[in-house]
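Fold and geometry: a report
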Amino acid sequence: MRKPFIGANWKMNLLNRDARSFLQHLQNFAPLNAQKEIVVFPSMVYLSALSEHFNHLLGAQNVSHIKGFSSLTGETSIEQLIDLGIGYVLIGHSERREYYFESNEIISQKINTVLNKNLKVVFCCGESLDVRNEGRHFEWVETQLNCLLNQSPSLDSEQIVIAYEPIWAIGTGKTPTYDEINDIHAYIRSLIRNHSGEQVSSKIRIVYGGSCNESNANEIFSLPDVDGGLIGGASLEWNSFFNICNAL
Ligand code: PGA
């Protein structure tokens, strides 16, 4: 039985006071939902202040690919995330790939940096609309997934969550059909099985992201190979996020 995972990816949204009030709600709600793992990824600028009270609920939206400290203006070191007691790091999000030109090579280095320091990775993958229309989404996701699979001969299912997020579904209100979502999740699980064996593949969590909201969460989360969600827009308000968490 896999423990469901829900991430709130706030991207570049919310001010300190909104973030605090949301996390206070979540803190009150979390013990009631010990069977689910809920992680919030706030803007990096608030991570330090928020970590004083809520570090067990927090993940980082980014980390430098360089291990240790370095002269890299504007970047955040893995050591600094460890210092704050942050548990998870989001890696490979399509917005980082597209707007900050993060290549599969840089993404592999980031994964390596995080796993080496025993933090956990939420690894994002997913295809553009062109790739989907050309029917190449399975091979596309497989290439992206190799960044993860090439890290070691066997993945640690406790250390990794995979988020399948078709780019054309992010923030658009469009989603693949439920069958399409399950098919690609099952395919990702089969790639993990071929690489790391049955035990790891049956335990690893594969979550869906891309216009997941209060109206579709229940159906998406009931798909056999979907273990939760990575939620953007619908995670910005406590009430809608709360309903999504309850849909699991
Ligand atoms: P969305 O974003 O829920 O707003 O589509 C999801 C994501 O980018 O992680």
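Our structure is the block above this text.
Nothing here was measured: the structure is a model prediction, and the numbers come from that model.

Okay, the packing of helix α5 (residues 104–116) against helix α7 (residues 137–149) next. With their axes 8 Å apart at the nearest point, α5 and α7 run at an angle of 30° to one another. Classified by the interaxial angle, the pair formed by α5 and α7 is roughly parallel. Where α5 crosses over α7, the two elements pack in a sense that is right-handed. Of the residues in α7, those in contact with N104, I107, S108 and I111 of α5 are T143, Q144, C147 and L148.

Bringing the nonpolar core into the picture now. Core analysis: the largest hydrophobic core is formed by 64 residues, its most contacted members being F123 and I162. Residues in contact with F123, not counting those within four places in the same chain, are I91, R97, I107, I111, Q144, L145, C147, L148, V161, I162 and A163. Ranked by size, the runner-up nonpolar core spans 11 residues in total, among them V39, F41, L90 and A163.

In this section: the environment of F221. Within the fold, F221 resides in helix α10 (residues 217–221). With relative accessibility at 8%, the residue F221 sits in the buried group. In the structure, F221 is positioned 13 residues away from Y208 in sequence and 8.3 Å away in space, judged by C-alpha atoms. Once residues within four sequence positions are removed from consideration, F221 is found in contact with I6, C212, V226, G228, G229, I244, A247 and L248.

Let's shift gears to unusual backbone geometry. Its identity as a non-glycine residue notwithstanding, L14 has a phi of 75°, on the positive side. By the element assignment, L14 lies in the loop between β1 (5–9) and α1 (16–29).

Neighbouring residues of the ligand: 13 residues in total, closest K11, H93, E165, G171 and S211. A distance of 2.7 Å is found between an oxygen atom of the ligand and a side-chain nitrogen or oxygen belonging to H93. Residue S211 places a main-chain N or O atom 2.8 Å away from an oxygen atom belonging to the ligand. Contact with the protein chains removes 95% of the 280 Å² of surface that the ligand exposes when unbound.

Both faces of the sheet carry side chains from a regular strand, because those side chains alternate between them. A large share of strand β6 (residues 160–164) lies buried, amounting to five of its five residues. The alternating pattern of β6 places I160, I162 and Y164 and V161 and A163 on opposite faces, both of which are buried. Where strand β5 (residues 120–125) and β6 come together, five bridges link them in parallel fashion. What sits directly across from V121, in β6, is I160. Where β6 meets strand β7 (residues 205–209), four bridges bridge the pair, whose relative direction is parallel. Its bridge partner being in β7, I162 is matched across the sheet by I206.

Here the focus is the sheet that holds strand β2 (residues 37–41). One open sheet accounts for eight strands, arranged β2-β1-β8-β7-β6-β5-β4-β3; its pairing is parallel. Each end of this open sheet is capped by a strand with a single partner; those strands are β2 and β3 (59–60). Running at roughly 160° to β5, α5 makes contact with β4 (88–91), β5 and β6 of the sheet. Here helix α11 (residues 238–246) sits on the sheet and contacts β1, β2 and β8 (228–231); the angle it forms with β1, its principal contact strand, is near 160°.

Each value, and the rule that gives it
- Residues numbered from 1 in each chain as written.
- Predicted model: local features only at pLDDT ≥ 70, side-chain atom pairs only at ≥ 80, totals over all residues.
- Heavy atoms only, no water.
- Axes fitted to C-alpha atoms, helices over the stretch in contact; angles between N-to-C directions.
- Helix = DSSP H or I, 4+ residues; strand = E, 2+ residues; numbered from the N terminus.
- Parallel < 35°, antiparallel > 145°, perpendicular 65-115°, else oblique.
- Left-handed = near helix turned anticlockwise from the far one by under 90°.
- Contact = heavy atoms within 4.5 Å.
- Core = buried A, V, L, I, M, F, W, Y, C linked by side-chain atoms within 4.5 Å.
- Buried < 20%, exposed > 50% of the residue type's maximum accessible area, 1.4 Å probe, protein only.
- Near = heavy atom within 4 Å.
- Polar contact = N/O pair within 3.5 Å; in protein donor to acceptor, adjacent residues only side chain to side chain.
- Areas by Shrake-Rupley, 256 points an atom, 1.4 Å probe, with all protein chains shown as cover.
- Pairing = 2+ DSSP bridges.

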